[in-house]
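Analysis of the macromolecular model
One letter stands for each residue in the lines below.
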Amino acid sequence: MTANISFIHDRQSVNSMTTVEGESQELVDLLQKIVQNAGALLDVRNCSIALLNAKRTMLVTLAALQRQGQKLRQTRFQLNEGVAGWVAEHRESLIINNVSLDPRFKRLGRVPVGSIICVPLIDKNSFIGTLTASSPEVNAFNEKKVKMLTIFAEQAVLTITHARHAEIAQRQANQLEMLLHLSRSITTSLEPETLYRTILADVQRLISYDVACIYLYHERRQELYSVAQWSHIHATKAGAYEQEEDAADLVDNTNTVQETFSLYDTQSVPALAAIHRHPMLVAPGQNGLPALSGAQLAAPFVSKDVLYGVLSLKRAEPFDSEELRLVRNLSNMAAAALENTALFQNVRSDQEQLRTILSSSSDGIAVLGIDSRFIEVNAAFGRLFGREPAQIV
C-alpha cells in the first residue's frame, strides 16, 4: 500500500507549499540576522527583506531593522509598484541616490529617505524576494555597496531555500506518518457507514474542504450515487458556497442530500474522475462550471482495476498539487478498504442466505467443519435428536 504513496519534489511544489505569513520562526530569525549584518556593514538604519507571497502577486516584508521592542510591520507591495516592484519585474539591482527625482520610489511612513538600494533574491532563475537598504542622505550608495548587498542577498537565498526544503521534508514525513495511521483506521472498518464516516473524517485531517461527498459506482446502471456527505457551509441563493462563522463541527448531510448521475455526465467532475480512473482538479470557471461554484477535487476509488466509487471535495479557494497528491494517496487506501468491505458484505449475505435456508427447511440439515464438528444445524435437525440446535453446535 505504501508503494502508492508518492511525493512531489519539483520547484513548483516548493513555492506552492509555503506562504510568507506561514514561514517558520527559525527562518525569520535567520533573515533578521542577515538584515542586521547588512545594515551594519552599509552603515544604514533601514534595511529589510521582502518575500514573494504564495500567489506570486505581492511582496511582504519578513525581516527589517527596527527599534528595540518595536514590532515588525509587514509592508506589502504589489509587483507593479515601488522600487521593489521594479526590481521584481526586471530582476536586477537598482540604485536611486535621490528618491525625490525618481517616480519609482513610493514613500511609506515618516522615515526620511534620501537614497535607496534594492537587489533581487533569485533562486535558480526564480524570483523569490528583495533585499532593500535606504539612507536619509542622498548619494549614499555606489556600485561597491551594491556588490556588498548582493552577497547578503545570496546568503538570504540559501537560507530561504534550505529552510523551505527542510520544512517540506518534515511536512512530508508528518503526512506519511498520518497516512499510515489513517490507513490502519480505514482498513479496520468493515461496516459501510462506519467506513464512509472514517474516510471523510480522515480527509478533513489532511486538507480543508467545504463539502465532501462519497459516491459509489453502480455498474449495471452505469451511475454514481451518493452514500455520505459532510459539510460545514450553507448554500447561498447564487448557488455558491460560503463559510459559516462557526464551522468547528462538520454537518452530516447524508440523509438530506442524495445525488445520482450518469457515469458519462461530462459536466460532473466526479463522473469525469470515474470514467478516466484518474483524479480531477478543477478551478472555478473551468470545465464549463460557473465561477461561483468554487473549486472541485475528485479522486476515484480504484482497486485492482475495479472502480468502487469517487471522493468529491468542494471549497471556495482552489486546491493545489500537494493536496491532490494527499487525496490521491488516501483514495488508494480507501479503495482497498471498500474492496474489503464489499467482500465482507458478500460473505455476510451468503451466511444470512444460508441461515434462512436452514431455518425455513423442514428437513434436518447440519453443516460440518473440516474437523467433522457441527458448525451449524437447523431446528429440524435438533428435533431429530430431541435437542436444541445450540446444544449440538
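Throughout, a residue's number is its position along its own chain's written sequence, starting from 1. Where local features are concerned, this predicted model is filtered to residues with pLDDT of at least 70; where side-chain atom pairs are given and counted, the filter is 80 or more; whole-chain, interface and lining totals use all residues. Excluded from the side-chain calculations are hydrogens and water; all other atoms, namely the structure's heavy atoms, are used.

Glancing now at the overall build of the chain. In terms of regular secondary structure, the chain is built from nine helices and 17 strands. Relative accessible area decides the class of each residue, using a 1.4 Å probe on protein chains only: under 20% of the type maximum gives buried, over 50% gives exposed, and in between gives partly exposed. When each of the 393 residues of the chain is scored for burial, the buried share is 44%. Surface summary for the chain: the accessible area is close to 21,600 Å², and the carbon and sulfur share equals 50%. Counting from the N terminus, the helices are DSSP H or I runs at least four residues long and the strands are E runs at least two residues long. Where accessible areas are quoted, they stem from the Shrake-Rupley method and a 1.4 Å probe; at the residue level, only the protein chains shown are allowed to cover.

With glycine set apart, most residues show a phi of negative sign, and most peptide bonds adopt trans. Its identity as a non-glycine residue notwithstanding, Arg91 has a phi of 55°, on the positive side. Tracing the sequence through the fold places Arg91 in the loop between helix H3 (82-90) and strand E4 (94-96). Residue class for Arg91 comes out partly exposed when judged on its relative accessible area of 40%.

Keep in mind that low pLDDT regions are not for reading the predicted coordinates in detail. By definition, pLDDT measures how confident the predictor is in each residue, and it falls between 0 and 100. Per-residue confidence for the chain gives a mean pLDDT of 80, with 81% of residues at or over 70. Note on definitions: a residue-residue contact is assigned when non-hydrogen atoms from the two residues lie within 4.5 Å. In the predicted structure, residues 1-19 sits below a pLDDT of 50 and forms 42 contacts with residues beyond four places in sequence or in another chain.

Any carboxyl oxygen of Asp or Glu within 4 Å of a side-chain nitrogen of Lys or Arg constitutes a salt bridge here. One pass over the full model with this rule turns up eight salt bridges. Arg205 is the salt-bridge partner of Asp202, the closest N and O atoms lying 2.5 Å from each other. You can see Asp202 and its partner Arg205 sitting in helix H5 (residues 192-206), three residues apart, about one turn around the helix. Arg373 serves as the salt-bridge partner of Asp371, at 4.0 Å between the closest nitrogen and oxygen. For Arg373, a relative accessible area of 59% corresponds to the exposed category. Through salt bridges with shared partners, a single ionic network connects Arg315, Glu317 and Glu323.

Here we come to the nonpolar core. As used in this record, nonpolar core signifies buried Ala, Val, Leu, Ile, Met, Phe, Trp, Tyr and Cys residues forming a set joined through side-chain atoms within 4.5 Å. Core analysis: the largest hydrophobic core is formed by 29 residues, its most contacted members being Leu200, Val203, Ile207, Ile214, Phe301, Leu311 and Leu313. Only H5, strand E7 (211-218), strand E8 (223-231), strand E14 (295-303), strand E15 (306-315) and helix H7 (321-360) provide two or more residues apiece to this core. Per element, the largest residue contribution to this core is seven residues, and it comes from H7. Those residues in contact with Leu313 that lie beyond four places of it in its chain are Val203, Ile207, Tyr209, Val211, Ala212, Ala295, Gln296, Leu297, Phe319 and Val327.

We now examine the sheet that holds E4. What makes two strands pair is DSSP finding at least two bridges between them. On the basis of which strands lie adjacent, the open sheet formed by six strands has the order E3-E2-E1-E6-E5-E4 and antiparallel pairing. Pairing within the sheet leaves two strands with one partner each, and these edge strands are strand E3 (76-78) and E4. In this sheet, adjacent strand axes meet at a mean angle of 25° when their direction is disregarded. Here strand E1 (residues 46-52) pairs with strand E6 (residues 126-135) via six bridges, running antiparallel. In the sheet register, Leu51 faces E6, and the bridge partner there is Gly129. All axes here are fitted lines through C-alpha atoms, helices being fitted over the stretch that makes contact, and every angle between N-to-C directions spans 0 to 180 degrees. Contacts between H3 and the sheet are confined to strand E2 (58-64), E3, E4, strand E5 (115-123) and E6, with E5 contributing the most and set at about 35° to the helix.

To continue, consider helix H2 (residues 25-42). With 18 residues, H2 ought to run about 26 Å at 1.5 Å a step, and its terminal C-alpha atoms sit 26 Å apart, in line with that. Looking at H2, one finds that the buried residues are Leu27, Val28, Leu31, Gln32, Ile34, Val35, Ala38, Gly39 and Leu42. Projected down its long axis, H2 shows its buried positions confined to an angular sector of 165°, all on one face. Turned more than 90 degrees from where H2 packs its buried face, Gln25, Glu26, Lys33, Ala40 and Leu41 sit exposed. One or two residues past the end of H2 sits Asp43, with phi positive at roughly 60°. What a helix is expected to span follows from its residue count: subtract one and scale by 1.5 Å. Here the arc refers to the directions that run from the helix axis out to each C-beta atom.

The next thing to look at is the pairing of E7. Burial within E7 is extensive, with eight of its eight residues counted as buried. Residue alternation in E7 divides its side chains into two sets, Val211, Cys213, Tyr215 and Tyr217 and Ala212, Ile214, Leu216 and His218, and both sets are buried. By the bridge criterion, eight bridges tie E7 to E8 in an arrangement that is antiparallel. Across the sheet, Cys213 pairs through a bridge with Gln229, a residue of E8.

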